[in-house]
Amino acid sequence: MKFKMKILPLLLISILSLFGTTLLFDSSFTEWDVKNEKTNKDSISWAKFKWTNEEINGRYFEKVSMFIPCKVDGVPNIVTFQFDLGADLTCIYEKNYSSFYRKNPKLSENIKKETFRTKKYFENIKIQFGDYTATTKTSLILADYGEFVENFTKADTIHIGSICADIFKNRVLIIDYPNKQFAICNQIPNLFSNITLTDITLDKKNRPLLQMTIQNRKYKVLFDNGSSMFPLITNKKNISDFSSTTDTDTIQTSSWGKIHNVTGKPIEEPFTLGGQNFNSTMIYVDHRKQQNKNEWDLIAGNALFWDKTIIIDFKNKKFGVK
């Protein structure tokens, strides 16, 4: 099976836009029905994700992003969505999805436009991954975003969007990094009943905020599994709270089509995050001007938990690590 996509323009949509533009929250786009009769208190049905590896500006990076293979009603190909808790609204990239119009013009009928507004939405979408089916009446379309894919066959996998925090509202999300799988539950399964849980909060867009403690100072940290390359990232205003050493790394990144550098340096002191202890961790800085006041001080990515399984209870606001 071939896999057709161009990842660089889509990289870091959430983590590098969090200090600038984010998706606009609209309650009409947040009500998802997620069903899976095989997952309950005593058993877990896992869905798979795939890591993407990329060369960026001459450097090779593993585990750049998490992609979920899915089926979408009416689309003949397997498609992928980026797994991205740092963005609030599950969405379809319009240009990517329009790649199917040439072979099936009727698919364009699913795309609607709100009266008196420019916002577009996908009507009555059904996304299937593993044994899960997620449905909603209106799913956000990122108008004119993405890249049209040409000359593909039914054997190709096409990247078309992002699965974001709204799908997990009032549910339990389990991410098993070593086995590249995840589960969505109504309650924490018995398999994880002995895990120590710590309290978290959710921001206004249903995204999990963990507590970080370093030298008796406390910070709010957004957990963003769309941020795979960076263990921790903050803005230039906050970096002096965590490290006064010189930069030891620079990564050129792309966010919404704009290229800029992110610099990294080691954190000098041990710290706790989500009930876990960390030492010798890198922290990166987004040097762009912050456009809005956020509800958090840093962002934590997947790199801190690559060898772990994490549990995020969105309903009871708990976080655990196994």
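An account of the accompanying structure is given in this report.

Before going further, it helps to spend a moment on the pairing of strand β4 (residues 50–56). One ladder, built from six bridges, connects β4 with strand β5 (residues 59–72); its direction is antiparallel. Note on β5: the bridge partner recorded for Lys50 is Phe67. As consecutive antiparallel partners, β4 and β5 are separated by two residues, and within that stretch Asn57 has a phi angle of approximately 55°, a positive value.

Turning next to the pattern of salt bridges. Tallying each qualifying case throughout the model produces ten salt bridges. Lys120 serves as the salt-bridge partner of Glu94, at 2.9 Å between the closest nitrogen and oxygen. Here Glu94 is found in helix α1 (residues 94–97), whereas its partner Lys120 is found in strand β9 (residues 120–129), with 26 residues between them in sequence. The class of Lys120 is partly exposed, set by a relative accessible area of 22%.

So, about the pairing of strand β16 (residues 208–214). Extensive coverage of β16 is indicated by the burial of six of its seven residues. In terms of strand pairing, strand β15 (residues 201–202) meets β16 through two bridges, oriented antiparallel. Bridge pairing in β16 links Thr201 to Leu209. Counted along the chain from β15 to the antiparallel partner β16, the turn is five residues long, and its residue Asn206 has a positive phi close to 70°. As consecutive antiparallel partners, β16 and strand β17 (residues 217–223) are separated by two residues, and within that stretch Gln215 has a phi angle of approximately 50°, a positive value. In this sheet, strand β21 (residues 271–273) lies alongside β16 in antiparallel orientation, the contact comprising two bridges. Paired with Met212 across the two strands is Leu273, which belongs to β21.

Counting 72 residues, the largest nonpolar core has Phe129, Phe182, Met212, Leu232 and Leu273 as the members making the most contacts within it. With 13 residues, the next largest nonpolar core counts Val64, Met229, Tyr284 and Ile299 among its residues.

Attention now moves to the sheet that holds strand β26 (residues 318–321). Here six strands make up an open sheet; going across it, the order is β3-β13-β12-β25-β26-β14 and the pairing antiparallel. Of all strands in the sheet, those bounded by a partner on one side alone are β3 (47–48) and β14 (197–199). Where strand β12 (residues 172–176) meets strand β25 (residues 309–313), five bridges bridge the pair, whose relative direction is antiparallel. In the strand pairing of β25, Ile174 is matched with Ile311.

Moving on: the side chain of Asp176. Take Asp176: it is sitting in strand β12. The side chain of Asp176 sits in the buried core without any salt bridge; Lys48 is the nearest counter-charge, 7.3 Å away.

Turning next to the packing of aromatic side chains. Enumeration over the complete set of coordinates arrives at 20 aromatic pairs. Here Phe168 and Phe314 contribute two aromatic rings whose centre-to-centre distance is 6.2 Å and whose plane-to-plane angle is 20°, an arrangement assigned as stacked. Of this pair, Phe168 sits in the loop between β11 (156–163) and β12 while Phe314 sits in the loop between β25 and β26, and the two are 146 residues apart along the sequence. Each member of the pair, Phe168 together with Phe314, is buried. A centroid spacing of 5.4 Å and a plane angle of 20° characterise the contact between Phe271 and Phe278, whose relative ring orientation is stacked.

Locating Ser193 in the fold gives a position in the loop between β13 (181–185) and β14. Linking Ser193 and Lys41, residues 152 residues apart in sequence, is a C-alpha distance of 9.8 Å. Polar contacts involving the side chain of Ser193 include one to the main-chain carbonyl oxygen of Asn190, which spans 2.9 Å.

The rules we used
- Residues numbered from 1 in each chain as written.
- Predicted model: local features only at pLDDT ≥ 70, side-chain atom pairs only at ≥ 80, totals over all residues.
- Heavy atoms only, no water.
- Pairing = 2+ DSSP bridges.
- Helix = DSSP H or I, 4+ residues; strand = E, 2+ residues; numbered from the N terminus.
- Salt bridge = Lys/Arg side-chain N within 4 Å of Asp/Glu carboxyl O.
- Buried < 20%, exposed > 50% of the residue type's maximum accessible area, 1.4 Å probe, protein only.
- Core = buried A, V, L, I, M, F, W, Y, C linked by side-chain atoms within 4.5 Å.
- Lys, Arg positive; Asp, Glu negative; His and termini not counted.
- Phe/Tyr/Trp six-rings, centres within 6.5 Å; stacked < 30°, edge-to-face > 60°.
- Polar contact = N/O pair within 3.5 Å; in protein donor to acceptor, adjacent residues only side chain to side chain.

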